[in-house]
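# Structural features, examined
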Amino acid sequence: MTFRIEPMVAADITRCVELEHLLFPEDDPWAAVAFQSELAGRHNRYITARDEDGRMVGYAGIALLGDAEHPEAEVHTIGVDPRCHRAGVGTLLLEALLAEAGRRGGPVFLEVRTDNAPAIALYAKHGFHIIGLRKNYYHPSGADAYTMRRPALTSEGRWRTPDEVLS
């Protein structure tokens with residue numbers, strides 16, 4: 001099955017809320033107003049993944065922060081319809097977000113539940129490293145989250161070393 005990535009539009013919010021309730025029932029799923037606010041943010045970019053029939057099977061969003069001299073980005077959310085898990089949708093969404101962040105440069109940050117091994121493995125495969133632990137980050141479940149960081153990329157497309165970041 002093939003999937004296409006498209007910008008999220010207001011008409012997608014209802015489906016996003018449906019997926020939120022499927023994916024995150026114990027952790028205060030986002031309401032429509034949250035997605036509306038995120039779409040309205042000038043520094044945010046939200047995308048969807050659609051199957052061959054045009055049905056939205058995933059969504060993702062990133063905030064492009066900082067300034068031209070010190071850019072950074074923060075992945076806000078990635079959600080994939082459970083029927084499409086392990087079909088590459090999450091990878092496509094993450095790679096699209098990282099491409100958006102890569103056009104500006106700088107590191108990329110995210111939080112992920114400590115018990116979400118598939119997501120942690122996906123992020124590690126794309127250059128993210130655990131840099132911290134946020135106790136009781138998700139509410140109301142009280143689940144912990146790792147903070148993960150992907151270093152800025154060089155112009156050659158490789159991750160910067162710590163010495164390059166400091167220079």
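Located above this text is the structure these notes cover.
The text that follows walks through the structure, step by step, so that each part is easy to find. (Residues numbered from 1 in each chain as written. Predicted model: local features only at pLDDT ≥ 70, side-chain atom pairs only at ≥ 80, totals over all residues. Heavy atoms only, no water.)

## Regarding the pairing of strand β7 (residues 145–150)
Here is the rule: By this definition, two strands are paired if DSSP reports at least two bridges between them. Helix and strand labels come from DSSP, where a helix needs a run of H or I of at least four residues and a strand needs a run of E of at least two; each type is numbered from the N terminus.
With six bridges joining them, strand β5 (residues 108–113) and β7 adopt antiparallel strand pairing. Directly across from Leu-110, in β7, lies its bridge partner Met-148. The pairing of strand β6 (residues 129–134) with β7 spans five bridges and is antiparallel. Directly across from Gly-132, in β7, lies its bridge partner Thr-147.

## A closer look at the nonpolar core
Inclusion rule: In this description, a nonpolar core means a group of buried Ala, Val, Leu, Ile, Met, Phe, Trp, Tyr and Cys residues linked to one another through side-chain atoms lying within 4.5 Å. Note on exposure labels: buried denotes an accessible area under 20% of the residue type's maximum, exposed denotes more than 50%, and partly exposed covers the range between, all computed with a 1.4 Å probe on protein chains only. Only heavy atoms enter the contact rule, under which two residues are in contact if any of them lie within 4.5 Å.
Core analysis: the largest hydrophobic core is formed by 27 residues, its most contacted members being Ile-62, Ile-78, Val-89, Leu-93, Val-108, Tyr-123 and Phe-128. For this core, the secondary structure elements donating two or more residues are β2 (44–50), β3 (56–66), β4 (71–80), α3 (89–102), β5 and α4 (117–125). Per-element tally for this core: the top contributor is α3, with six residues. In contact with Val-108, not counting residues within four places along its chain, are Ile-62, Ala-73, Val-75, Leu-98, Ala-101, Phe-128, Met-148, Arg-149 and Arg-150. In terms of nonpolar packing, the next biggest core, distinct from the first, is built from 10 residues, Val-17, Leu-19, Met-56 and Tyr-59 among them.

## Describing the sheet that holds β7
Going by this rule: Working convention: axes come from line fits to C-alpha atoms, limited for helices to the stretch in contact. Angles between N-to-C directions cover 0 to 180 degrees.
Across the sheet, which stays open at both edges, the seven strands sit in the order β1-β2-β3-β4-β5-β7-β6 with mixed pairing between neighbours. The open sheet has two free edges, formed respectively by β1 (4–7) and β6, since each of these has just one partner strand. Averaged over all pairs of adjacent strands, the angle between strand axes in this sheet comes to 25°, irrespective of strand direction. Helix-sheet contacts for helix α1 (residues 13–23) involve β3 and β4, and the interaxial angle to β3 is about 95°. Sheet strands touched by α4: β4, β5 and β7. Its angle to β5, the strand with the most contacts, is close to 160°.

## Thoughts on the pattern of salt bridges
The test is simple: We define a salt bridge as a side-chain nitrogen of Lys or Arg found within 4 Å of a carboxyl oxygen belonging to Asp or Glu.
Considering all chains together, one arrives at 13 salt bridges under this definition. Its salt-bridge partner being Asp-12, residue Arg-50 comes within 2.4 Å of it at the nearest N-O pair. With Arg-50 in strand β2 and Asp-12 in the loop between β1 and α1, the pair connects residues that are 38 residues apart, well separated along the chain. No difference in accessibility class separates Arg-50 from Asp-12, as the two residues are buried. Ionic pairing is found between Asp-27 and Arg-113, a salt bridge with its closest N-O pair at 2.3 Å. Residue Asp-27 is located in the loop between α1 and α2 (32–40), and its partner Arg-113 is located in strand β5; the two are separated by 86 residues in the primary sequence. Judged by relative accessible area, which is 9%, Asp-27 ranks as buried. The class for Arg-113 is buried, based on a relative accessible area of 18%.

Everything listed is a geometric property; what it means functionally is a separate question.
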